[in-house]
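Survey of secondary and tertiary structure
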Amino acid sequence: MGYKRCSKAARAFYFWTLLLIVFVKGITADEEQHGNDGPELKSYHDPDSEEEDVHLASRVVAGASVTSGREVPEPEDDKHSPADGLEGEEKEDLPDQPPPVEEKPKEVPVVNGGTAHGEPCIFPFLFQGKEYSDCTTDGRGDGRLWCATTYDYDQEKKWGFCETEEQAQQRLLAEEAEEQYQTVLHMLNVTSRKTQKKELYEKLLKVAEKGHQKAMEKVAYAMLFGDYLNQNVTKAKEMFEKLAIEGSPKAQTALGFLYAAGLGVNSSQAKALVYYTFGALGGNLVAHMILGYRYWGGVGVPQSCESALTHYRLVANQVASDVSLTGGSAVQRIRLLDEVENPGSTSGMLEEDLIQYYQFLAEKGDVQAQVGLGQLHLHGGRGVEQNHQLALKYFQKAAEQGWVDGQLQLGTMYYSDPQSPSLFFLIFYGIGVKRDYKQALKFFNLASQAGHILAFYNLAQMHATGTGVMRSCHTAVELFKNVCERGRWSERLMTAYGSFKEGETDAALVQYLLLSEQGYEVAQSNVAFILDQKGAKIFTENETYPRALLHWTRAAAQGYTVARIKLGDYHFYGYGTDVDYETAVIHYRLASEQQHSAQAMFNLGYMHEKGLGIKQDIHLAKRFYDMAAEASPDAQVPVFLALCKLGLIYTLQYLQDLNLKELISQVDLDQLLGPEWDLYLMTVIALLLGTVIAYRQRQHQIIVPPRPPVPAPAPPPRPPQEQPQAQAELQGQGETQDPGAAQEEEEQQ
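Just so it is clear, the structure is predicted and the values come from calculations on it, not from any experiment.

Some details on the packing of helix α8 (residues 213–225) against helix α10 (residues 249–261)
Here α8 crosses α10 at 20 degrees, and the two axes come no closer than 10 Å. In terms of orientation, α8 lies roughly parallel with respect to α10. α8 and α10 meet at a crossing whose hand is left-handed. Here α8 contributes E217, Y221 and L224 to the contact with α10, which in turn contributes K250, A254, F257 and L258. Its residues placed into classes, the contact of α8 with α10 shows 5 nonpolar, no polar and 2 charged.

Pasting the structure below:
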């Protein structure tokens with residue numbers, strides 16, 4: 001019992017002693033912290049080393065708890081240099097501590113330029129009643145650092161730039177490169193000749209070599225697409241990687257595209273998503289549009305309508321703010337497959353005769369023709385160059401006839417105010433009219449039928465917020481997507497088409513690939529068509545069909561009927577995938593039921609006829625053949641041939657099922673026709689034979705009356721030297737031919 005009491009007392013003594021030591025050290029640490037909490041410490045503290053500093057402080061306090069009390073006041077020596085408090089703690093265990101680096105005199109910059117070139121800065125200096133202890137940009141609009149070389153700048157005006165000669169030289173080179181870039185960019189915007197644009201891009205390449213970021217971006221994209229520069233994906237990738245390190249959102253988006261398409265790098269959807277995200281965070285609208293399409297279709301990410309709505313709405317806001325009340329430029333959606341299958345079609349291009357026809361209607365007072373030609377000349381496209389003067393001419397003509405939108409067009413051309421309220425704002429908020437959401441929805445629908453971009457945008461806003469209609473995320477996304485596809489980047493559709501027409505297939509393919517990433521269905525089908533025709537050289541032969549299958553799938557998901565049929569064909573023949581008749585039947589059935597495709601119906605009839613991927617049924621085959629003939633007049637000829645073949649097959653199958661040999665063996669003619677049926681048959685045959693013989697004899701007994709001889713025409717007169725010879729020939733003929741024998745022979749005949 002005594003031993004236990006002693007042990008308990010000892011433990012209590014150690015416990016209270018330890019608690020006292022910790023309490024004393026805590027007070028010491030608090031005093032040290034208060035002593036080092038100066039304003040200079042906060043201003044020089046590095047936030048990146050905060051975690052390290054916390055661990056260090058805890059380690060020092062823990063070490064002090066087991067040392068003697070004489071070591072506690074040691075940090076008090078650092079109170080004279082509060083900015084070095086943490087560094088003093090970090091080095092307190094060293095035997096020979098070097099002097100703090102911060103105690104060295106601060107290097108004073110020497111000014112360059114200004115009114116005191118070559119003189120050192122004076123800190124602090126007084127500027128507009130305020131003291132400055134470092135170089136500042138206050139008072140300048142160009143962001144350049146400066147300082148005063150005397151204390152009172154307001155009185156003595158002694159100053160200069162805080163930069164070295166090297167920094168000044170770099171700044172001058174950057175300013176020179178910026179000036180050259182702006183000059184080349186202006187010339188590119190005003191010229192339309194291809195040869196001149198090539199020369200300007202060569203100049204732009206030299207500006208990019210000086211490190212100008214915007215010039216590098218433009219040149220890198222030109223090399224990627226083959227625009228006025230030789231296509232070089234590898235060089236473009238190197239430039240994009242350099243720009244991405246510098247934080248260029250355009251370059252980050254481009255790298256995302258390269259990884260998504262597998263151009264110059266191994267395909268990686270994860271890296272593509274990372275670069276797209278960084279590009280979108282940097283404000284790149286193309287990256288937002290790509291992410292919107294990916295979330296909408298579930299491409300590489302989980303499908304999310306709300307996420308797609310967020311990205312598409314952001315892009316649509318910018319597009320709507322850039323679009324005038326004309327409804328925006330017309331997007332020319334030319335499908336290469338349709339152009340090949342229908343060579344006589346105009347492929348979305350207006351012919352010169354058609355333009356002249358519209359001009360004739362406009363001169364006669366047709367308002368729609370005037371508005372259409374005004375929009376065409378205002379924005380360009382469809383084979384017509386931009387001409388604001390002609391656009392203004394047609395909008396005056398339309399406004400004079402009382403067309404309200406024409407007056408808005410005219411006002412927009414005279415004064416463009418992006419902050420002016422839209423038609424949606426006027427009607428939605430009831431300015432000037434009574435608020436009526438149903439009427440607003442009605443007019444927006446009418447305007448959207450004419451292709452007005454702002455009408456699509458306003459409808460999307462109403463469906464996204466549930467204003468006047470039931471909220472529908474899916475409908476809002478589709479409308480916002482339509483608006484986004486009318487942005488300025490839609491012009492690349494015609495650029496890619498022009499490259500394809502000029503034989504630059506690889507350049508066209510890369511441009512269509514980027515547009516397909518943005519969600520353009522036409523671009524997706526054109527990429528698949530180029531790969532299907534094996535016209536691309538940037539991909540190996542083994543990659544063409546799988547990539548084409550991928551883009552046919554994306555185009556089919558957006559409702560393109562031909563793409564859905566192509567998917568069935570690829571699974572039927574095993575292009576880019578294994579042969580799968582059942583999957584082919586599924587795609588053909590979708591195209592038949594949802595889009596009423598005659599080709600899909602015909603294919604289903606053939607598969608029913610052959611029993612491929614589905615149960616063989618000749619009746620269903622005939623039904624689908626008939627449906628195909630009804631759906632399209634072009635299918636009537638192949639359907640007729642298929643039905644003839646089907647009828648022959650059906651007859652042969654019927655005869656095969658009938659089994660004639662067994663049927664004949666089971667028939668007893670004696671019971672059917674009597675025991676003497678063979679005599680009856682022989683009699684009938686004899687009567688038929690006698691009839692034929694009698695008919696033939698009657699034909700021989702018919703006498704043909706002889707025809708009177710036709711007098712021979714008189715021979716033409718001959719020259720005197722030929723007459724003796726002709727007479728000799730006639731005499732010889734008279735001696736050899738007897739007239740009586742000739743008459744007898746004629747009578748016999």
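So, next bit.
Comments concerning the packing of aromatic side chains
The full count for this structure, using the stated rule, is 22 aromatic pairs. Seen from their ring centres, Y221 and F240 are 5.1 Å apart, and the 70 degrees between their planes marks the pair as edge-to-face. Of the two residues, Y221 sits in helix α8 while F240 sits in helix α9 (residues 233–245), which places them 19 residues apart along the sequence. The pair formed by Y221 and F240 is uniform in burial state, with each residue classed as buried. With a centroid separation of 4.9 Å and 10 degrees between ring planes, the pair formed by Y545 and Y575 is classed as stacked. Remark: Y575 occurs in the loop between α27 (561–573) and α28 (581–595) and Y545 occurs in helix α26 (residues 541–557); sequence separation between them is 30 residues. Overall, the relative accessible area of 33% leaves Y575 in the partly exposed class. What links up through ring pairs into an aromatic cluster is the set F123, F125, F127, Y132, W146, Y153, W159 and F161. Sitting over the face of the ring of F161, R144 holds its NZ or CZ atom 3.5 Å from the ring centroid. The positively charged end of R335 is found above the aromatic ring belonging to Y560, 4.2 Å away from the centroid.

Overview of the nonpolar core
Formed by 107 residues in total, the largest nonpolar core has its most connected members in F240, F257 and Y512. Contact partners of Y512, with chain neighbours within four places excluded, come to L336, L493, A496, Y497, A523, N526, V527 and I530.

Scoring rules and cut-offs
Residues numbered from 1 in each chain as written. Predicted model: local features only at pLDDT ≥ 70, side-chain atom pairs only at ≥ 80, totals over all residues. Heavy atoms only, no water. Axes fitted to C-alpha atoms, helices over the stretch in contact; angles between N-to-C directions. Helix = DSSP H or I, 4+ residues; strand = E, 2+ residues; numbered from the N terminus. Parallel < 35°, antiparallel > 145°, perpendicular 65-115°, else oblique. Left-handed = near helix turned anticlockwise from the far one by under 90°. Contact = heavy atoms within 4.5 Å. Nonpolar A, V, L, I, M, F, W, Y, C, P; charged D, E, K, R; others polar. Phe/Tyr/Trp six-rings, centres within 6.5 Å; stacked < 30°, edge-to-face > 60°. Buried < 20%, exposed > 50% of the residue type's maximum accessible area, 1.4 Å probe, protein only. Lys NZ or Arg CZ within 6 Å of the ring centre and 35° of its normal. Core = buried A, V, L, I, M, F, W, Y, C linked by side-chain atoms within 4.5 Å.

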